[in-house]
Amino acid sequence: MAINIGRFMDRFVEEAREHLGRLGEGLTALEAGHADAELINALFRSAHTVKGSSRMLKLTPITATAHLLEDVLGALREGRVRFDHRLAGALYQGIDAIAAQVDCLAATRDATALPAPAAALCAALAAAAAPDSASDCGNPLQPPAGDVADVPGPAGEGGSAEAARARQAGFDTVRIRVDKLDELIGLMGEFASSQARVREWAAQAHVLERELARGIADPSRLPAVHERMRAFGRTLRDGVRTQEMMIGALHERTLVMRMLPLGVIFDAMGRMMRDFARSLGKDVEFVVRGSEIELDRQVIDKLSDPLVHLLRNAVDHGLEPPAARRRSGKAERGRVELVARQDGAHAVIEVADDGAGIDLDAVREKALARGLIDAGEAAALSEKAVIDLLFLPGFSTAGIITDVSGRGVGLDVVRQTLAEELSGEIGVHSRPGQGARFVLRLPLSLARLRMLLVEVAGHPFGIPAHGVSEIVRRPAEALLKVAERSAVIVRNEFVPVVALDVLLGLPPRPAAGGGALLLVLSVRGDKIALRVDALLDERDMVIKPLPAMLAQARFVTGAVEIGSGALACVLHAPALFVHARHAGADAPRRVPGAGAGNARRLLVVDDSLNTRELEKEVLEAHGYLVTLAEDGVDGLAKALAEDFDAVLTDVEMPRMDGFSLTARLREEERYRHRPILIITSRERDEDKRRGMQVGADAYIVKGDFDQRSLVETLKTLLA
């Protein structure tokens, strides 16, 4: 009977990815100088296992690449070659090629669709294994191949990010250790046995019912009946506690089944960093630790994009160019670390670089130029307040927005994802000349959290306990008025006080006696106190998702069952914190003219009628008022005659090109800080640099035109 090889593909993909992860970690250790014979042996074994497993399944391209990788590691193990930067590069290329092939197999489940190893890659690996002899990939396993660039798979940020998401999407099944499964089966057995006791209790209750009826008829029996009822009550209470413990343990073991290691996304980040750094002409040592830390699948799914933002920013604007690092006495090779650790029921993930740190003066100047602060405020801002400006929507110190964002672009998305979707937070630490560190703190699982149940205006609400730093009660006379807001002194610090019923728009009730009960929320070092009516309970609770009709409910992230089938809404502490701060005098000042009721006026300059009309249609669909100009001269005349909030211009135009128009507009006081976007078919780096030099805020290539991207970029610049 023929064997259906296809059913073994999933198992191979999972095991191959495990071995690729070990190979990547091992190479990182070798680069860090931790070379030893056992480590090299382990790497050799991983390559050998991938080769053998793929050969069994007739995955010829994977077998060929793994065989070449094995040859290089064999030569290293036998001392025929020395580990250096060149050899590390060849090994990384081999691992990346196998990873791309495995990703292709996972997506297609078709061995014939696998990309062949490229000739240049084969030559590089063969040369690394035997530096003194030339090779042209004549391995009999090797089918004809093209150039390295022809191999489909992750390249640059987009490919690697997609690869990471593809890997996550592929985890419809999870591997479970036998001992964990045995624990679960054991608990299920105990739970089944306990059902027999429940049936016995039901029978005892029925007997007591009859005895009570007889006792009522014959009062002399009542003392004995009461004693048996008290004994039964004690037995029932003990049994209920035991049941609760078993249910809790069963739930804990079940949640463990959903846990995935961070390596699911961390492993793909290594390739992304190397490819991305290479595209920028930088050499980066990428260090990963803590890949074994396990998080709930729901958390893993949402973590990839924020990490991509942070890592790209670390390489692009965190690390200086090699020449600048030499001048400052640093090694040309920069260092970026992605480190995870577990802290109780939370995971802490750090993205750190050894670059120049955050330029606080540049942040102040940009905020000043955009009207977010005035000169007096700029001088008075603390370092923490300046760093917080980075998280405003669209804020960036980069000179121009291109496909590579400056430090700051995307940080608002990172904070929003962490706060609103992951119940987490982010902190930033910067040391001038030494680098920056972004610290993410998030729960291991969103399915079960420690919850505080509070009562507000007669309604119960849940607040995750990790968002509450402390609970205090203060007499009414202890509440103060500070800057037109209520405040209380907690540990020698003024903390603003906001009534939660007012924040939620609930009708307030008369204040009860006993003073004010306050939940002190702490987010990134800032504090605010929510005034509630009563604290009902604190315990671990399972969070139920909201029904579709309530999915967009403000401040609410789920619901918990509080007994007798009743549900309480779970409030999102970070969202409450932000709204409470912005509801009073501490709300940030907006750019003049940015009110929600004001339609923004845009000038679109392009000599192509089709392009002008297309951009006009897109922009008007999003509520903008659009004026069209057919070339640079026409655009300049209209810009000077009227007042526009932003200008979008082509480059190649008769009479006056877009570069000249941009430079001319920047000479005008009112357009000195207004957004100007260049939209052109020119995609050369020198043209992008020219756009930056003349003062453009964004440079969008028409070949990559995407209306959502255009609108988001414009919204960012007008924020």
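Turning to the packing of aromatic side chains, a few remarks are in order. Scanning the entire structure with this criterion turns up zero aromatic pairs. Over the aromatic face of Phe276 sits the side chain of Arg312, whose NZ or CZ is 4.2 Å from the ring centroid. Here Arg674 stacks its cationic end above the ring of Tyr671, 5.9 Å away from the centre of that ring.

Taking strand neighbours across the sheet as the criterion, the five strands line up as S16-S8-S9-S18-S17 in an open arrangement whose pairing is mixed. Edge positions in the sheet fall to strand S16 (534-542) and strand S17 (556-563), since each of these pairs with one other strand and no more. Between one strand axis and the next, the sheet turns through 35 degrees on average, direction left out of account.

In this structure, Leu262, Leu295, Leu303, Leu307 and Ile349 are the most contacted members of the largest nonpolar core, which totals 55 residues. With nine residues, helix H10 (residues 297-318) is the largest single contributor of residues to this core. Among residues more than four places away in sequence, those in contact with Leu262 are Gly290, Ser291, Ile293, Leu295, Ile300, Leu303, Ala340 and Ile349. One finds Ala47, Ala66, Ala97 and Cys104 within the second-largest nonpolar core, a separate group that totals 43 residues.

Let us now look at the sheet that holds strand S6 (residues 425-431). An order of S2-S4-S5-S7-S6 is seen for the five strands of this open sheet, with the pairing classed as mixed. Looking at which strands have only one partner, the edges of the open sheet turn out to be strand S2 (284-289) and S6. Sheet twist, expressed as the average angle between the axes of neighbouring strands with direction ignored, equals 10 degrees. Bridging between strand S4 (residues 334-343) and strand S5 (residues 346-353) involves eight bridges; their strand directions are antiparallel. Across the sheet, residue Val336 finds its bridge partner in S5, namely Asp353. The strands that helix H15 (residues 411-421) touches are S6 and strand S7 (435-443); relative to S6, the one it contacts most, it runs at about 140 degrees.

With respect to burial, S7 is a largely interior element, seven of its nine residues being buried. Here S5 runs beside S7; their pairing, made up of seven bridges, is antiparallel. Bridge pairing in S7 links Val348 to Arg441. By the bridge criterion, seven bridges tie S6 to S7 in an arrangement that is antiparallel. Each bridged residue has a counterpart across the sheet, and for Ser430 the counterpart in S7 is Ala436. The turn linking S6 back onto S7 is made up of three residues, and Gly433 within it adopts a positive phi angle of 80 degrees.

Rules used throughout
Residues numbered from 1 in each chain as written. Predicted model: local features only at pLDDT ≥ 70, side-chain atom pairs only at ≥ 80, totals over all residues. Heavy atoms only, no water. Phe/Tyr/Trp six-rings, centres within 6.5 Å; stacked < 30°, edge-to-face > 60°. Lys NZ or Arg CZ within 6 Å of the ring centre and 35° of its normal. Pairing = 2+ DSSP bridges. Helix = DSSP H or I, 4+ residues; strand = E, 2+ residues; numbered from the N terminus. Axes fitted to C-alpha atoms, helices over the stretch in contact; angles between N-to-C directions. Core = buried A, V, L, I, M, F, W, Y, C linked by side-chain atoms within 4.5 Å. Buried < 20%, exposed > 50% of the residue type's maximum accessible area, 1.4 Å probe, protein only. Contact = heavy atoms within 4.5 Å.

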